[in-house]
Amino acid sequence: MNYPAAVNRPVRLSPATSFQNPRRIKNIKLPRRLDKSSSCTTSTLTTSATSKRIDFQHEGYRLWSTSRLLRKPRVSSDDAQPSVSYDECEISEPSFLEFITSERVKVVAMVALALALCNADRVVMSVAVVPLSQSRGWSQSFAGVVQSSFLWGYLISPIAGGTLVDYYGGKVVMACGVALWSMATFLTPWAAENSLLALLTMRALLGVAEGVALPCMNNMIARWFPQTERSRAVGLAMAGFQLGSAIGLTLSPILMSQGGVGGPFIIFGLSGFLWVLVWVSATSSTPEKSHQISKYELQYIQSKRKKSSQPKSTKIIPPFKRLLSKLPTWSLIIANSMHSWGFFVILSWMPIYFKTIYHVDLRQAAWFSAVPWSMMALVGYFAGVFSDKLIQGGMTVTLTRKIMQSFGFVGPGIALIGLIMAKSPVIASAWLTLAVGLKSFSHCGFLVNFQEIAPQYSGVLHGMSNTAGTFAAIIGTVGAGYFVELVGSFQGFLLLTAFLYFSAALFWNLFSTGERVNFDDGD
């Protein structure tokens, strides 16, 4: 019997096949020809770590082996949107250039830009409140009320927003959230001119809208990135969040000098509207729905996807009782609370600490507006790369998350003790920058853990922990003042914060997990 003529035509091997990674193929046995005229003995395709030479004894074998490696995809009917699955060995790991130019990185870059706007809109009031207080005769206590009004809305929205994210997906909810908080930012100057109630309402509305930002980030990253890349994806997204602080604190005085107090609010608000237009028109909620994604990238994402980790449609009312009955949930809540406590204590009280202890005004120091938060953004990305490498190297997800979160809590705790013992403002500022930078390791700990333990409830879990974190931020920020009044020592409060960091790290290492937790018993 003769083979079809098509066998003898030269075949061009696809770059998306396993030939890109020849180390994975060893001693593939090829079939024996049946006819005498073209018979040959069984051929062996041999590759090794030191040799990438491929020997074929017949052109037909190349077609046969290629067709075997490019196996027919399997279509799953589990979801409404058909998904195609491939064997992991068929798709090689992308190079760094392929990664940074991929469609999924474009999506996370848009998320990072949204988070930068989120934080910039949040911190601009801390700059504008000074001229607003002077022009309207506000007391310091009332100025604090204006700034805290953001947290009123932020307290109530994360849980509701996270539930909506689980139900409708991150793209739609993120677009609505950015549009709403951009409108609140844009209307803040008008509200300040008309009435105090309107001003407080706009700031509370800003908090309500921004409560959906982080759950949306988690949802989009879980849909677009395989588990082995999620840490660096979160690092990229959170880098935007941290740079938003530096951008807001640095650009706001410049914009106010050119356009008045309302200048930064108008510019940042309009930037948010522009972002929404690009987001809606140029991004997709899942890789399968994207028109820009390449076939190779889609196959790579799907080949790395674990069926059990894919988020499924869930009820609009999540099972709160069962969610709160598991210790991994409480490890996330405590981790987020401690992370928020430390973040807002440093943001709110370090200028006063340096002014009191070292007689240095950090609000007039440019480095305080940019260096610590830029350091957090930079370290966060490299921490994400390191975390992904650990998982790719065979370390369990659970151990990886525990290691990264330990760096994120034990590191800042030690740095705060070093800050207490520092004898000069230069050394103290170095310890402060180190503490802020090491905090970013938490982005590869608890912040990526929501999707791993409960993909179908990751949004509401994130919202619950964010609400707890907001309470902790309020208690830490307000409690610091009362502690200093009662004890008379800033150092004592920083020592207490370091102790809380160590305690939270211990709880996380005892009760957290990187495996999926069953929250659906009884359904």
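Owing to the predicted nature of the structure, the values given are computational and were not obtained by experimental measurement.

(A) Layout of the pattern of salt bridges. Tallying each qualifying case throughout the model produces seven salt bridges. A salt bridge links Glu103 to Lys106; the shortest N-O distance between them is 3.8 Å. A residue pair is termed a helical-turn pair when its members lie 3 or 4 positions apart in one helix, as Glu103 and Lys106 do in helix α3 (residues 103–136) at three residues. For Lys106, a relative accessible area of 47% gives the class partly exposed. The structure contains a network of salt bridges with shared partners spanning Arg104, Glu229 and Glu297.

(B) Region of the structure containing the nonpolar core. Counting 89 residues, the largest nonpolar core has Leu115, Met217 and Trp275 as its most contacted members. Element by element, the count of residues in this core is highest for helix α12 (residues 327–357), at twelve residues. Apart from residues lying up to four places away in sequence, Leu115 is in contact with Ala213, Leu214, Met217, Ala237, Met238, Gly240 and Phe241.

(C) Highlighting the packing of aromatic side chains. For the structure on display, the rule yields 17 aromatic pairs. For the pair Tyr353 and Tyr358, a centre-to-centre distance of 6.2 Å together with 75° between the ring planes defines the contact as edge-to-face. Among the aromatic residues, those joined into a cluster by ring pairs are Trp349, Tyr353, Phe354, Tyr358 and Phe490. The ring centre of Tyr154 lies 5.2 Å from the NZ or CZ of Arg122, which sits over that ring.

(D) Region of the structure containing helix α5 (residues 170–194). With 25 residues, α5 extends 35 Å from end C-alpha to end C-alpha; this agrees with the ideal 36 Å at 1.5 Å per step. Considering bend angle alone, the principal kink of α5 is centred on Thr188 and spans about 45°; proline Pro189 follows within four residues of it.

(E) Quick peek at helix α7 (residues 213–224). Along its twelve residues, α7 runs 17 Å from first to last C-alpha, staying within 8% of the 16 Å computed at 1.5 Å per residue. Burial runs high along α7: eleven of the twelve residues are buried. Looking only at α7, the buried set comprises Ala213, Leu214, Pro215, Cys216, Met217, Asn218, Asn219, Met220, Ile221, Ala222 and Trp224.

(F) Structural view of the packing of α5 against α7. As a packed pair, α5 and α7 sit with axes 9 Å apart at the nearest point and diverge in direction by 150°. Considering their axes alone, α5 and α7 lie roughly antiparallel with respect to each other. For the pair α5 and α7, the sense of crossing is left-handed. The segment α5 lies against α7, with Gly170, Lys171, Val173, Met174 and Trp181 engaging Ala213, Cys216, Met217, Asn219 and Met220. Tallied by class, the residues present in the contact of α5 with α7 amount to seven nonpolar, two polar and one charged.

(G) Inspection of the confidence of the model for the protein at higher detail. Put simply, the protein has an average pLDDT of 79, and 78% of its residues get 70 or more. Within the protein, strand β3 (residues 74–76) has the poorest average pLDDT of any element, 38, and helix α14 (residues 397–421) the best, 96. When the criterion is pLDDT under 50, residues 1–89 qualifies, and its contacts beyond four places in sequence or with other chains add up to 116 contacts.

(H) Quick look at the side chain of Thr400. Its location among the elements puts Thr400 in helix α14. A distance of 2.9 Å separates a polar side-chain atom of Thr400 from the backbone oxygen of Thr396. The residues contacting Thr400, other than those within four sequence positions of it, are Ser387, Leu390, Ile391 and Met395.

(I) How the structure looks around the environment of Phe99. Of note, Phe99 is situated in helix α2 (residues 96–100). Owing to a relative accessible area of 4%, Phe99 belongs among the buried residues under this scheme. C-alpha of Phe99 to C-alpha of Glu297: the two residues are 198 residues apart in sequence and 9.3 Å apart in space.

(J) Spatial organisation of the packing of α7 against helix α8 (residues 230–259). Contact geometry for α7 and α8: axes closest at 10 Å, N-to-C directions at 145°. You can see that α7 and α8 cross each other, and the crossing is right-handed. Contact with α7, carried on its side by Leu214, Met217, Ile221 and Ala222, involves Arg230, Ala233, Val234, Ala237 and Met238 of α8 and no other residues of that element. When the residues that make up the contact of α7 with α8 are grouped by side-chain class, the tally is eight nonpolar, no polar and one charged.

(K) Representation of the environment of Ala120. Considering the arrangement of structural elements, one finds Ala120 in helix α3. With relative accessibility at 1%, the residue Ala120 sits in the buried group. Separated by 125 residues in the primary sequence, Ala120 and Ser245 place their C-alpha atoms 5.5 Å from one another. When neighbours within four sequence positions are excluded, Ala120 is seen to be in contact with Gly244, Gly248 and Phe268.

(L) Expanded view of the side chain of Glu103. Looking at Glu103, the relative accessible area reads 8%, which means it is buried. Once you skip the residues sitting within four places of it in the chain, Glu103 turns out to touch Trp224, Ala282, Ser290, Gln292, Ile293 and Glu297.

(M) Summary view of a nonpolar patch on the surface. On the surface, Leu324, Leu327, Trp330, Leu506, Leu510 and Phe511 cluster together into a nonpolar patch covering about 550 Å² of accessible area. Those elements that provide at least two residues to the nonpolar patch are α12 and α18 (490–511). Sorting elements by how many residues they give to the nonpolar patch places α18 first, with three residues. Along the polypeptide, Trp330 turns up in helix α12. Taking relative accessible area as the criterion, Trp330 reaches 37% and is therefore assigned partly exposed.

Parameters and conventions
- Residues numbered from 1 in each chain as written.
- Predicted model: local features only at pLDDT ≥ 70, side-chain atom pairs only at ≥ 80, totals over all residues.
- Heavy atoms only, no water.
- Salt bridge = Lys/Arg side-chain N within 4 Å of Asp/Glu carboxyl O.
- Helix = DSSP H or I, 4+ residues; strand = E, 2+ residues; numbered from the N terminus.
- Buried < 20%, exposed > 50% of the residue type's maximum accessible area, 1.4 Å probe, protein only.
- Core = buried A, V, L, I, M, F, W, Y, C linked by side-chain atoms within 4.5 Å.
- Contact = heavy atoms within 4.5 Å.
- Phe/Tyr/Trp six-rings, centres within 6.5 Å; stacked < 30°, edge-to-face > 60°.
- Lys NZ or Arg CZ within 6 Å of the ring centre and 35° of its normal.
- Expected span 1.5 Å × (residues − 1).
- Bend = angle between axes of the 7 residues up to and from the residue.
- Axes fitted to C-alpha atoms, helices over the stretch in contact; angles between N-to-C directions.
- Parallel < 35°, antiparallel > 145°, perpendicular 65-115°, else oblique.
- Left-handed = near helix turned anticlockwise from the far one by under 90°.
- Nonpolar A, V, L, I, M, F, W, Y, C, P; charged D, E, K, R; others polar.
- pLDDT = per-residue confidence, 0-100.
- Polar contact = N/O pair within 3.5 Å; in protein donor to acceptor, adjacent residues only side chain to side chain.
- Patch = residues over 30% accessible without salt bridge, like charges linked within 9 Å, V, L, I, M, F, W, Y side chains within 5 Å.
- Areas by Shrake-Rupley, 256 points an atom, 1.4 Å probe, with all protein chains shown as cover.

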